[in-house]
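# A closer look at the structure
Each chain, written out:
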Amino acid sequence: MQATLYTSTGCAYCKKIKEFLTENSIAYEERDILVEPAWLDELAKYGIFGVPALYFGDEWIIGFRPNKMKAVLAKLQESGAIAAAAPAPEAPAAEAAPAQDEIFVREVDTNKLWDVVVIGGGPAGASAALYAARAGHATLVIDKAPSTGSLAIAKEVENYPGVQGVTGAELLGTMQGHAKAQGAIFLQAAVLRSKLIGTEKEIETAVGTIRTRAVIVAAGARSRKGKIPGEQELEGRGVSYCAICDGAFTRGKDVVVFGDNAEVLEEVAMLATFAAKIRLLTPGEKLTGAAPEELAKLPESVTLYPKHKIKEILSTEAGGLGGVKVLTPTGEETWEAGALFLYMGGGAPGTSFLGDEVPLDAEGYLVVDETMATPVEGVFAAGDVRKTLVKQAVLAAADGAMAAINADRFLRGRKKLSAQY
Ligand SMILES: Cc1cc2nc3c(=O)[nH]c(=O)nc-3n(C[C@H](O)[C@H](O)[C@H](O)COP(=O)(O)OP(=O)(O)OC[C@H]3O[C@@H](n4cnc5c(N)ncnc54)[C@H](O)[C@@H]3O)c2cc1C
């Protein structure tokens, strides 16, 4: 056996790892923690409290880490411990989602004047790029960290029309590949500052200043994960983001959950089938979007703590979860926690690069009209970066299409919008 993979039924990333192992002809033993609870205890011996967990080449790989898996595979192939796999048969182009390094370049010609620059390569940005490029405009998408946007981190997307059983990263890769095939260029770089007033707009990035005639801001509204001190170090070692994957590790434990919106209720209901006690902390008065009836229906083992925040996640000497420092309305307390689940969505849009040229609302969202135009000529916004009632990939993609159609109208000097077919 060349690898051992610990999984749980229904865990989307476990499926992805199995595909990777199969594609690379790596023999592995699967250990589903929901089928055989002894595997839970075995993982716990190594201080691991999350799946997927892969033991491969004398190393533990916790979570879905494609680059790490590739690196271990390359090392084993180089040392001769594993034979290099025969190339896999080519998948039909329409179904294959290209890897990010096939989509993104690291530099572009900074002397070029672009027609449209899209800031952000999520569903809003990719859709805007598809429409802009298809309309014949020289289109550049700039994204600082393509694997960290909201859709990129979604474990499983079941509600994007026409697509089923995919991870957010796969769906996004397909969208970006589609826009690229129409001629859009994707650049990986952070946008630092911008000058957007006037006919020639300047966007300052980590790899130089880029000039363009129109801008579509699609920078999303996701500013978290890894933000709480101690969080990154303890991911998979007591800190988790997925009840369906890691709920079984909480059997009989006292669990702390920190969330700020109604999505967390479904996760808590799943955890309650395992955990002895759940303390659900939320930073505000209530969970955004949660109806009072839903709160009334919380299992008895769950206690809601409004106006509580996690300040720090503590480690044990052995590197496991030691507890949490909690900011309560009256001060600071240290709580024990058998496991910690984090569901802090949203966050503020990261639009500081806009300075004060483009109006933002009180929460930092861009203000647009129904055609996605901001009050600044030639500047449009799409997706979660604008104030929306509901944040969903399909809505972000629709915004991107509208923004690009309007940018096309602007670039061609037309008065009215017209649909592209
Ligand atoms: C955990 C999770 C699960 C979800 N599951 C679903 C689901 O199942 N179905 C569904 O429809 N929706 C889901 N959503 C919501 C959906 O993912 C978002 O509504 C959607 O991704 C918003 O798209 P966007 O393009 O506006 O922003 P994002 O997808 O967040 O993309 C924004 C991009 O902008 C880039 N960026 C930000 N600042 C800069 C900068 N300064 N310079 C360069 N680039 C920058 C970021 O790197 C990022 O890639 C989920 C969201 C989360 C957080």
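Small disclaimer: the values here were computed from a predicted structure and weren't measured.

### Brief notes about the site of the ligand
Neighbouring the ligand are 31 residues, the closest being Asp143, Ser150, Asn159, Asp384 and Ala393. In the model, a nitrogen atom of the ligand is placed 2.8 Å from a nitrogen or oxygen of the Asn159 side chain. Between a nitrogen atom of the ligand and a main-chain N or O atom of Val191, the distance comes to 3.0 Å. For the ligand, whose free accessible area comes to 1,000 Å², the fraction covered by protein is 88%. Of all the secondary structure elements, the ones that give two or more residues to the shell around the ligand are α5 (123-134), β7 (139-143), α6 (150-153) and α12 (393-411). Residue contributions to the shell around the ligand peak at three residues, all from α6.

### Quick word on the sheet that holds strand β3 (residues 53-56)
Hydrogen bonds between backbone groups are what pair the strands of a sheet, and the pairing can be parallel or antiparallel. The four strands are arranged β2-β1-β3-β4 in an open sheet whose pairing can be described as mixed. In this open sheet, the two edge strands, each paired with only one partner strand, are β2 (28-32) and β4 (59-62). Each neighbouring strand pair of the sheet contributes to a mean axis angle of 15°, computed without reference to strand direction. Sheet topology places β3 next to β4; four bridges connect them, and they run antiparallel. Along β4, the bridge assignment pairs Leu54 with Ile61. Its contacts with the sheet place helix α1 (residues 12-23) against β1 (3-7), β2 and β3, and it is angled at close to 160° to β1. Taken strand by strand, helix α3 (residues 66-79) contacts β3 and β4, and its axis lies near 160° from that of β4.

### Overview of the side chain of Asp246
Note that Asp246 resides in helix α9 (residues 243-246). A relative accessible area of 7% places Asp246 in the buried class. Side-chain polar atoms of Asp246 contact the backbone nitrogen of Val51, separated by 2.7 Å. Dropping the residues within four chain positions of it, Asp246 is found in contact with Phe49, Gly50, Val51, Ser240 and Phe341.

### Observations regarding the sheet that holds strand β13 (residues 254-259)
Across the sheet, five strands lie side by side as β12-β19-β13-β14-β15; this open sheet has parallel pairing. The open sheet has two edge strands, β12 (239-240) and β15 (302-306), and neither has a second partner. As paired elements, β13 and strand β19 (residues 339-343) share five bridges and run parallel to each other. When the sheet's bridge partners are listed, Val257 is paired in β19 with Phe341.

### Some details on the pattern of salt bridges
The final tally for this structure, using the stated rule, is 19 salt bridges. A salt bridge links Lys75 to Glu59, with the shortest nitrogen-to-oxygen separation between them at 3.0 Å. In this pair, Lys75 sits in helix α3 while Glu59 sits in strand β4, placing the two residues 16 residues apart along the sequence. A cluster of three or more residues bridged by salt bridges with shared partners is formed by Lys16, Glu19 and Glu170.

### A look at the packing of aromatic side chains
This structure, assessed with the given rule, holds six aromatic pairs. When the centroid spacing of 5.5 Å and the interplanar angle of 75° are considered together, the rings of Phe104 and Phe186 count as edge-to-face. Residue Phe104 is located in strand β5 (residues 104-105), and its partner Phe186 is located in strand β8 (residues 185-188); the two are separated by 82 residues in the primary sequence. Take Phe104 and Phe186: they sit in the same class, and that class is buried. With a centroid separation of 6.3 Å and 65° between ring planes, the pair formed by Phe380 and Phe410 is classed as edge-to-face. Taken together, the residues Phe380 in strand β20 (residues 379-381) and Phe410 in helix α12 connect sequence positions 30 residues apart. By relative accessible area, which is 2% here, Phe380 ends up buried. Taken together, the aromatic side chains of Tyr6, Tyr46, Tyr55 and Trp60 make up a single cluster linked through ring pairs. Above the ring of Trp39, the side-chain terminus of Arg31 is found at 4.2 Å from the ring centroid.

Criteria and cut-off values
- Residues numbered from 1 in each chain as written.
- Predicted model: local features only at pLDDT ≥ 70, side-chain atom pairs only at ≥ 80, totals over all residues.
- Heavy atoms only, no water.
- Near = heavy atom within 4 Å.
- Polar contact = N/O pair within 3.5 Å; in protein donor to acceptor, adjacent residues only side chain to side chain.
- Areas by Shrake-Rupley, 256 points an atom, 1.4 Å probe, with all protein chains shown as cover.
- Helix = DSSP H or I, 4+ residues; strand = E, 2+ residues; numbered from the N terminus.
- Pairing = 2+ DSSP bridges.
- Axes fitted to C-alpha atoms, helices over the stretch in contact; angles between N-to-C directions.
- Contact = heavy atoms within 4.5 Å.
- Buried < 20%, exposed > 50% of the residue type's maximum accessible area, 1.4 Å probe, protein only.
- Salt bridge = Lys/Arg side-chain N within 4 Å of Asp/Glu carboxyl O.
- Phe/Tyr/Trp six-rings, centres within 6.5 Å; stacked < 30°, edge-to-face > 60°.
- Lys NZ or Arg CZ within 6 Å of the ring centre and 35° of its normal.

Spatial relationships are all this shows, so hold off on functional conclusions.
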